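# Inside the fold
Chain by chain, the residues:
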Amino acid sequence: MAITKLTTLDEFNRVKEKNNQFLLFKNSTTCPISAQAFEEFEKFSEGVDQEIYYLNVQESRPLSTEIAESTGIKHQSPQALMFNDEEVVWNDSHWRITYTSLTDAAKQFLK
């Protein structure tokens, strides 16, 4: 399914209004760990039948900060966040973002 890039708080709010459940990946464009995690995220997206989302932290710092503040989950990059009814039900970061970890989380939390 499609991976959609988010850049603004308005876009993120529209996603939350439209989707009860979704995955968001926070990516750094300058970090090699983020590059590896993004490859895993892209691989994962090939087997998902719903839209998933990402943001580049350097381009969307206000959005990244707002997500950290509103969820109470400390910002990390890379970071994957699984939302269910506007609550983060799963998150992980750095080397723990793998195709397997994303698949396992989706099986558990995405219906």
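Now for a description of the structure that goes with this document. The structure presented is a predicted model; accordingly, all values stated were derived computationally and were not measured.

### Regarding the packing of aromatic side chains
This structure, assessed with the given rule, holds eight aromatic pairs. For the pair Phe12 and Phe83, a centre-to-centre distance of 5.7 Å together with 70° between the ring planes defines the contact as edge-to-face. Here the residue Phe12 occupies a position in helix α1 (residues 9–18), and Phe83 occupies one in strand β4 (residues 79–84), the gap between them amounting to 71 residues. The exposure classification of Phe12 matches that of Phe83, with both residues buried. Aromatic ring contacts, followed pair by pair, group Phe12, Phe22, Tyr53 and Phe83 into a single cluster. Of note, Lys43 hangs over the ring of Tyr99, and the distance from its end group to the ring centre comes to 4.8 Å.

### Some remarks on the nonpolar core
Ranked by size, the top nonpolar core spans 18 residues in total, and within it Leu23, Phe25, Phe41, Trp90 and Leu102 carry the most contacts. Sorting the residues of this core by element identifies β2 (21–27), α2 (32–45), β3 (52–56), β4 and α4 (99–109) as the ones contributing at least two each. Those residues in contact with Phe41, other than ones at most four positions away along the chain, are Ile3, Leu23, Phe25, Ile52, Tyr53, Tyr54 and Leu102. Within the second largest apolar cluster, 14 residues are counted, among which are Leu6, Leu24, Ile67 and Ile73.

### Some remarks on the environment of Asp10
Mapped onto the fold, Asp10 is located in helix α1. The exposed category is assigned to Asp10, whose relative accessible area is 52%. For the pair Asp10 and Phe25, spaced 15 residues apart in the sequence, the C-alpha separation amounts to 17 Å.

### A short note on the packing of α2 against α4
The N-to-C vectors of α2 and α4 enclose an angle of 45°; their axes lie 8 Å apart at closest approach. Classified by the angle their axes make, α2 and α4 are oblique. Once α2 is placed against α4, the crossing between them reads as right-handed. Contacts from Glu40, Phe41, Lys43 and Phe44 in α2 reach Tyr99, Leu102, Thr103 and Ala106 in α4.

### Regarding the pattern of salt bridges
Going through the model one piece at a time under the given rule, you end up with four salt bridges. Measuring nitrogen to oxygen at the nearest pair gives 2.6 Å for the salt bridge that ties Glu59 to Lys5. Here Glu59 is found in the loop between β3 and α3 (61–71), whereas its partner Lys5 is found in strand β1 (residues 3–5), with 54 residues between them in sequence. On the accessibility criterion, Lys5 (35% relative accessible area) is partly exposed.

What counts, and at which threshold
Residues numbered from 1 in each chain as written. Predicted model: local features only at pLDDT ≥ 70, side-chain atom pairs only at ≥ 80, totals over all residues. Heavy atoms only, no water. Phe/Tyr/Trp six-rings, centres within 6.5 Å; stacked < 30°, edge-to-face > 60°. Helix = DSSP H or I, 4+ residues; strand = E, 2+ residues; numbered from the N terminus. Buried < 20%, exposed > 50% of the residue type's maximum accessible area, 1.4 Å probe, protein only. Lys NZ or Arg CZ within 6 Å of the ring centre and 35° of its normal. Core = buried A, V, L, I, M, F, W, Y, C linked by side-chain atoms within 4.5 Å. Contact = heavy atoms within 4.5 Å. Axes fitted to C-alpha atoms, helices over the stretch in contact; angles between N-to-C directions. Parallel < 35°, antiparallel > 145°, perpendicular 65-115°, else oblique. Left-handed = near helix turned anticlockwise from the far one by under 90°. Salt bridge = Lys/Arg side-chain N within 4 Å of Asp/Glu carboxyl O.

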